[in-house]
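Notes for the structure review
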Amino acid sequence: DSVHSHRAACSEGENLPFPDDCFDLAVSLDVLEHVEEPERVLAEMLRVLKPGGGILCYAVSCKNAFTLNWFLMKALDALRVDHWSWARHAPDRLVDPALTFEYLEEQGCRIHLVRPFHAFFTILFDQSLLVLYWAATRLRIHGKDGRPKEGLVGRMLVPASAISKNLAKLMDDLDRPWVSRGLSNGFLVTATKRRPP
């Protein structure tokens, strides 16, 4: 709808200020674990989505046993650290991937993907890459004239990028015991809203 195509809005996910059937894509990233009723947010996303439109949701999973974050949480709990408030997460609001899948299926959506993400090695790998990138962008190697050398960060990151593709596949393979049981720190669901008969 051209009237709404360029208008941004800030609102609660349970009450979106848009008419029915006006978007081609609805995306929710790290939102569902912050609301009391994830189904109400999903219902609103489906309401504003055109028939045949796509929905993409990433949420923090309650099925996280023995993941890297699970071990970190247990360690912080033992130290009596209130880690939940840091991330602004409530443990009883972490989302069940199966319930999300079932809700979308009940609404007649065609499910394309339900995938666990970040079990142990993959999240360790991703966080290591972020640290490497942060360090590389702040590294200052100076020439004889005292000025930073041009292109150093790029030269460092190109080989790291090539290596990371192979390592990412290896990390996925190492995470298979968790993923095969549906255990992960987060999960991704993609689906299509049904068209009217």
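Right above here is the structure, for reference.
Turning to the overall build of the chain, a few remarks are in order. Per the secondary structure count, the chain includes 7 helices and 4 strands. Walking the chain from its N terminus toward its C terminus, one meets helices and strands in the order β-α-β-α-α-α-β-α-α-α-β. Out of the 197 residues in the chain, the part that is buried amounts to 32%. When contacts within the chain are restricted to residue pairs at least 6 apart in sequence, long-range pairs at least 24 apart make up 80% of them.

Here we come to helix α2 (residues 68–78). Among all positions of α2, only Leu68, Asn69 and Met73 are buried. Seen from one end, α2 has its buried residues packed into an arc of 130°, which puts them on one side.

Glancing now at the sheet that holds strand β2 (residues 49–60). Pairing within the open sheet is mixed, and its 4 strands lie in the order β1-β2-β4-β3. Whereas interior strands pair on both sides, the edge strands pair on one side only; in this sheet they are β1 (23–29) and β3 (110–117). Taken over all neighbouring pairs, the strand axes of this sheet differ in orientation by 10° on average, direction set aside. In this sheet, strand β4 (residues 186–192) lies alongside β3 in antiparallel orientation, the contact comprising 7 bridges. Within β4, the position partnered with Ile111 by the bridge is Ala191. Packing against the sheet, helix α4 (residues 97–106) makes contact with β2, β3 and β4, and its axis sits at approximately 10° to β4.

Below, the discussion takes up a nonpolar patch on the surface. Judged by side-chain polarity, Leu25, Val27 and Leu29 come together as a nonpolar surface patch covering roughly 290 Å² of accessible area. Mapped onto the fold, Leu25 is located in strand β1.

So, on to the pattern of salt bridges. All chains considered together, the criterion is met by 10 salt bridges. A salt bridge links Lys169 to Asp173; the shortest N-O distance between them is 3.2 Å. With a gap of 4 residues between them, Lys169 and Asp173 both fall in helix α6 (residues 152–174), about one helical turn apart. Relative accessible area serves as the criterion here: at 52%, Lys169 is assigned to the exposed category. Asp173 sits in the partly exposed class, given a relative accessible area of 29%.

What describes a pair of aromatic rings is the distance from one ring centre to the other and the angle between the planes of the rings. Applying the stated criterion to the full structure yields 9 aromatic pairs. A ring pair is formed by Phe71 and Phe120, whose centres lie 6.3 Å apart and whose planes are at 80°; its orientation type is edge-to-face. Residue Phe71 is found in helix α2, and its partner Phe120 is found in the loop between β3 and α5 (121–138); the two are separated by 49 residues along the sequence. For Phe120, a relative accessible area of 18% translates into the label buried.

Another point: the pairing of β4. In terms of burial, β4 is largely enclosed, as 7 of its 7 residues are buried. Side chains Gly186, Leu188, Thr190 and Thr192 of β4 all project onto a buried face; the interleaved residues Phe187, Val189 and Ala191 project onto the opposite face, where all are buried too. By the bridge criterion, 7 bridges tie β2 to β4 in an arrangement that is antiparallel. Paired with Gly54 across the two strands is Thr192, which belongs to β4.

What follows concerns unusual backbone geometry. One non-glycine residue with positive phi stands out, namely Asp21, at about 55°. Looking at where Asp21 falls in the secondary structure, it is placed in the segment before β1. Positive phi, normally seen in glycine, also occurs at Phe66, with a value near 65°.

What counts and what doesn't
- Per-chain numbering applies: the sequence of each chain, read as written, is numbered from 1 onward.
- With pLDDT at 70 or above as the cut-off, local features in this predicted model cover only qualifying residues; side-chain atom pairs require 80 or more to be listed or tallied, and sums for whole chains, interfaces and linings still use all residues.
- Only hydrogens and water are removed before side-chain values are computed, so all heavy atoms of the structure are retained for them.
- Put simply, DSSP marks the helices as runs of H or I at least four residues long and the strands as runs of E at least two long, and each gets a number from the N terminus on.
- Think of it in three bands: residues with accessible area under 20% of the maximum for their type are buried, residues over 50% are exposed, and the middle band is partly exposed, with areas taken using a 1.4 Å probe on protein chains only.
- Only heavy atoms matter for contacts: two residues are in contact if any of them lie within 4.5 Å across the pair.
- The directions considered for the arc run from the helix axis to the C-beta atoms.
- Pairing between two strands is assigned when DSSP locates at least 2 bridges connecting them.
- Angular values range over 0 to 180 degrees, each being the angle between N-to-C directions of two axes fitted as lines to C-alpha atoms, with helices fitted over their stretch in contact.
- A residue counts toward a patch only above 30% relative accessible area and without a salt bridge, and it is joined to like-charged neighbours within 9 Å or, for Val, Leu, Ile, Met, Phe, Trp and Tyr, to nonpolar neighbours within 5 Å.
- The Shrake-Rupley method, run with a 1.4 Å probe sphere, supplies the accessible areas, and residue values consider only the shown protein chains as cover.
- When a carboxyl oxygen of Asp or Glu is within 4 Å of a side-chain nitrogen of Lys or Arg, the pair counts as a salt bridge.
- Two rings from Phe, Tyr or Trp (for Trp, the six-membered ring) form a pair when their centres are within 6.5 Å of each other. A pair whose planes differ by under 30 degrees is stacked, one over 60 is edge-to-face, and the rest are tilted.

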